[in-house]
Amino acid sequence: MSAQVTTTARAATDAGDPSARAAAPATSTTRPGLPRFAAALQISASLLWIPQAAAIAFAIGNIADGAPAQAAILPAFCIFLLGVLRAGLDRAGTTRAWDDARVRLSALRANAAAAVATRSPLDASRPSSGLVASTLTEQADDIVPWLARFLPLRTRAAVVPPIILGFVFVFSWVAALALLMAAPVIPIFMALIGWQAKAASERQLTRMGNMNAFLLDRLRGLATIRAFDAVDSTALRLRANAEELRTSTMAVLRIAFLSSAVLELFAALGVALVAVYVGFHFLGELNFGAWGGKLTLAQGLFVLLLAPAFFEPLRDLSSVWHDRAAGQAGLEALDRITRGGTKIVGGPESTAVEVSGALSVWIDGLTFRHAESANATFSDFALSIDPGEHVAVMAPSGGGKSTLLALVAGLSSPDNGIVRLGGEPMNHASAAHLRARIAWLGQPPHIFSGTLRSNITLGRPGIGTRDVAHATEAAHIAHLAAQRGHAMIGENGAGLSGGETLRLALARAAVGIRPGLILVDEPTAHLDSVTATEITDRLLAIAEGTTLVVATHDPALAARMDRVVMLPAPAQLEVLA
Ligand SMILES: Nc1ncnc2c1ncn2[C@@H]1O[C@H](COP(=O)(O)OP(=O)(O)OP(=O)(O)O)[C@@H](O)[C@H]1O
């Protein structure tokens, strides 16, 4: 659309497939895959400790057996080389894991943003802007540590300890048994804590999302809150929300610390058991467990050096255990804003406009009921508008004027019937390029915080200074553009009068490629008669030679149109079961 409605992602619904409207497709965020390569690099790095430990143990053993100190030079060199290689592999694995995770997060975010952007503006169940902002930014960020740290570490914890256990087992089955006894306790505790952690993380994320949504909503309505002296009660509510968030954050942290403490305890117990066994074995007290023989100093040291490395992947995993809960909760939050809802017709692709000229509007058999509403807003409604015709759509409040404009623009699919623009049915395939030929002036027009110029161009490519100058002339805000220059306009048009806001919206419609159809929702509402007449003049000037459909209650505006269409009163419509 050339003016205010930006369409973004692909919706799988089609105007020709009404059943698809309510049960919109789940553009679901897929489960993230395992970062195999990063995990393989990290596993290789961990396993290099085995030859390093062997070199250390056997060098010390040789010296203890009377070999000269020079005999340690070669093993020391090997240890150094292996250390460098190990650090290099570990770094490469970690870097790769974070890079992959960021790429994956960008894809998930793009998917969710596209899904949110294709939610129909008529969908009352759309997530609030605050919730979407908090989910796409803070909550989604939690997915990265889960993908980059937790998943590779989980693979490492599954692969490395069994291999180390195998090496220990070769020298002493008792030491292997001690490790084996301590090891299973750790995953069991981690699983138990993990359930708690996930629930706590979900609670925390929900509270954070709710608080952000509340804050954004109240910031938007700050003037109203002040005017009605509701500042204190709003601040109290915000404080209560913040307190709840603090409590749930502390709960998550408590669980994170607890999981680390439990694991450290069992890892320390396992290492201590091995150390006690090896020590007493050397002292000749525990003369079993070494396959009928006696462990040499080198063998004993090797086993002792491997024991902490057996637990290391599990300890690392536990230190990032809360990443899993937070990451999964973040992914589910993204999934929630991605899935379901009523979608606009067609997708986000902005297409180059190939055809110019006014569009006809042909509606036949249109039936539409808002989700959650018992009454049909339209039942078997028909309307035909010629190219270049100017039509006022009138009805009492709640009569369906805005809904009709939205259906014409394909911002929701009808339950039944067809909308044709320029003879082409509005459907999934045609929606993007048809919308590129429509200009939409909503009620009220949304003004972004930014300069006048950026509010007119909306970042659309190919709109130059001369185009903006023509548009400001056409909309009669050239004087405003001259006065304000590059000065910022506040959010929601703060600093502009109601009439200026509308003229700015008209300039958006007038700039760039000439639209084939202009849809305008109550442009003169809340304006005094002089300003309303001026806005009407501007609108008609901009819409000259173009099809214009204006939803209005204003008889003066309606009288200036070629035709007035009265919508059927809601009472005349059939009540859908
Ligand atoms: N998103 C929505 N979800 C559910 N019902 C809706 C939604 N939007 C509008 N409605 C209902 O649909 C009916 C038509 O609303 P619509 O906004 O199209 O009327 P309108 O003629 O433009 O009203 P007004 O002149 O007051 O702006 C009303 O009964 C309204 O309550």
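The rules behind these values
Residues numbered from 1 in each chain as written. Predicted model: local features only at pLDDT ≥ 70, side-chain atom pairs only at ≥ 80, totals over all residues. Helix = DSSP H or I, 4+ residues; strand = E, 2+ residues; numbered from the N terminus. Buried ≥ 20, exposed ≤ 12 C-beta atoms within 10 Å, placed from the backbone. Near = placed C-beta within 6 Å. Nonpolar A, V, L, I, M, F, W, Y, C, P; charged D, E, K, R; others polar. pLDDT = per-residue confidence, 0-100. Contact = placed C-beta atoms within 7 Å. Pairing = 2+ DSSP bridges. Axes fitted to C-alpha atoms, helices over the stretch in contact; angles between N-to-C directions. Expected span 1.5 Å × (residues − 1). Core = buried A, V, L, I, M, F, W, Y, C linked by C-beta atoms within 7 Å. Parallel < 35°, antiparallel > 145°, perpendicular 65-115°, else oblique. Left-handed = near helix turned anticlockwise from the far one by under 90°.

Caption draft 1: Looking closely at the overall build of the chain. Along its length, the chain carries 20 helices and 11 strands. Buried positions account for 43% of the 577 residues belonging to the chain.

Caption draft 2: Spotlight on the site of the ligand. Inspection of the region around the ligand gives 15 residues, with His 370, Ser 397, Lys 401, Ser 402 and Thr 403 positioned closest. Ranked by residue count, the leading element in the shell around the ligand is helix α13 (residues 401-408), at 3 residues. Along the lines of polarity and charge, the residues of the shell around the ligand split into 4 nonpolar, 9 polar and 2 charged.

Caption draft 3: Spatial organisation of the confidence of the model for the chain. Averaged over every residue, the pLDDT of the chain is 83; the share at 70 or more is 91%. Low pLDDT, under 50, characterises residues 2-30; the stretch is placed with 100 contacts to residues that sit more than four places away or in other chains. Low confidence marks residues 572-577, where pLDDT is under 50. Its contacts with residues over four positions away, or in another chain, come to 10 contacts. Taken together, the chains of this predicted complex give a pTM of 0.69 and an interface ipTM of 0.95.

Caption draft 4: Region of interest: the sheet that holds strand β6 (residues 438-441). Spatial ordering of the open sheet is given by β6-β9-β10-β3-β11, a layout of 5 strands whose pairing is parallel. Looking at the sheet topology across the chains shown, the edges are occupied by β6 and β11 (563-566). Neighbour to neighbour, the strand axes of the sheet diverge by 15° on average, direction disregarded. The sheet contacts of α13 involve β3 (390-394), β9 (517-521) and β10 (547-551), and relative to β10 the element is tilted by about 150°.

Caption draft 5: Seen up close, helix α4 (residues 73-117). The terminal C-alpha atoms of α4 lie 65 Å apart, and with 45 residues this matches the ideal 66 Å at 1.5 Å per residue to within 8%. Residues of α4 that are buried: Gly 93, Ala 97, Asp 100, Ala 101, Leu 105, Leu 108, Ala 112, Ala 115 and Val 116.

Caption draft 6: The nonpolar core, seen in detail. Counting residues in each nonpolar core, the largest one holds 79 residues, and the members touching the most others are Val 168, Ala 175, Leu 179, Val 274, Phe 302, Val 303 and Leu 306. What Val 274 contacts, discounting residues up to four positions off in sequence, is Ala 175, Ala 178, Leu 179, Val 303, Leu 304 and Ala 307. Membership of the second largest hydrophobic core comes to 67 residues, among which are Ala 392, Leu 405, Ala 439 and Val 511.

Caption draft 7: Focus on the sheet that holds strand β1 (residues 361-368). In spatial order, the strands read β2-β1-β4-β5; together these 4 strands make up an open sheet with antiparallel pairing. Of all the strands in the sheet, the pair left with one neighbour each is β2 (378-385) and β5 (424-425). Relative to strand β4 (residues 416-421), β1 runs antiparallel, the two sharing 5 bridges. Within β4, the position partnered with Trp 362 by the bridge is Arg 420. Running over the sheet, α13 touches β1 and β4 and is turned about 115° from β1.

Caption draft 8: Structural context of the environment of Phe 311. Its location among the elements puts Phe 311 in helix α11 (residues 297-319). According to the C-beta neighbour criterion, Phe 311 is buried, with 25 such atoms within 10 Å. The spacing of Phe 311 and Leu 263 is 48 residues in sequence and 9.1 Å in space, taken between C-alpha atoms. Apart from residues lying up to four places away in sequence, Phe 311 is in contact with Ala 267, Gly 270 and Val 271.

Caption draft 9: The packing of helix α3 (residues 49-64) against α11, seen in detail. Two numbers describe how α3 lies on α11: the axes approach to 8 Å, and their chain directions differ by 150°. Classified by the interaxial angle, the pair formed by α3 and α11 is roughly antiparallel. Relative to α11, the crossing made by α3 is right-handed. Touching Trp 49, Ala 53, Ala 54, Ile 56, Ala 57, Phe 58, Ile 60, Gly 61 and Ala 64 of α3 are Leu 297, Ala 298, Leu 301, Phe 302, Leu 305, Leu 306 and Ala 309, all from α11. Here the contact of α3 with α11 is built from residues that sort into 15 nonpolar, 1 polar and no charged.

Caption draft 10: View of unusual backbone geometry. One non-glycine residue, Asp 229, lies in positive phi territory at about 55°. As for its position among the elements, Asp 229 is in the loop between α9 (222-227) and α10 (231-282). Judged by C-beta crowding, with 8 C-beta atoms within 10 Å, Asp 229 ranks as exposed. Although it is not a glycine, Leu 458 adopts a positive phi angle of roughly 55°. Note on Leu 458: 16 C-beta atoms within 10 Å, which makes it partly exposed.

Caption draft 11: The environment of Phe 378, seen in detail. Of note, Phe 378 is situated in strand β2. Residue classification places Phe 378 among the buried positions, given that 25 C-beta atoms sit within 10 Å. Separated by 36 residues in sequence, Phe 378 and Pro 414 have C-alpha atoms that sit 9.2 Å apart. When residues no more than four places from it in sequence are discounted, the contact partners of Phe 378 are Leu 366, Thr 367, Phe 368 and Gly 400.

Caption draft 12: Molecular detail of the packing of helix α6 (residues 143-171) against helix α7 (residues 173-182). At a minimum axis distance of 6 Å, the contact between α6 and α7 shows a crossing angle of 150°. Put simply, α6 runs roughly antiparallel to α7. Note on element contacts: α7 touches α6 through Trp 173, Ala 175, Ala 176, Leu 179 and Leu 180, opposite Leu 165, Val 168 and Phe 169. Of the residues contributing to the contact of α6 with α7, the split by class is 8 nonpolar, no polar and no charged.

Caption draft 13: Summary view of the environment of Arg 126. Note that Arg 126 resides in the loop between α4 and α5 (129-141). The class of Arg 126 is partly exposed, set by 16 C-beta atoms lying within 10 Å. A C-alpha to C-alpha distance of 8.0 Å links Arg 126 and Val 116, two positions 10 residues apart in sequence. When near neighbours in sequence (up to four residues on either side) are disregarded, Arg 126 contacts Arg 119 and Gly 341.

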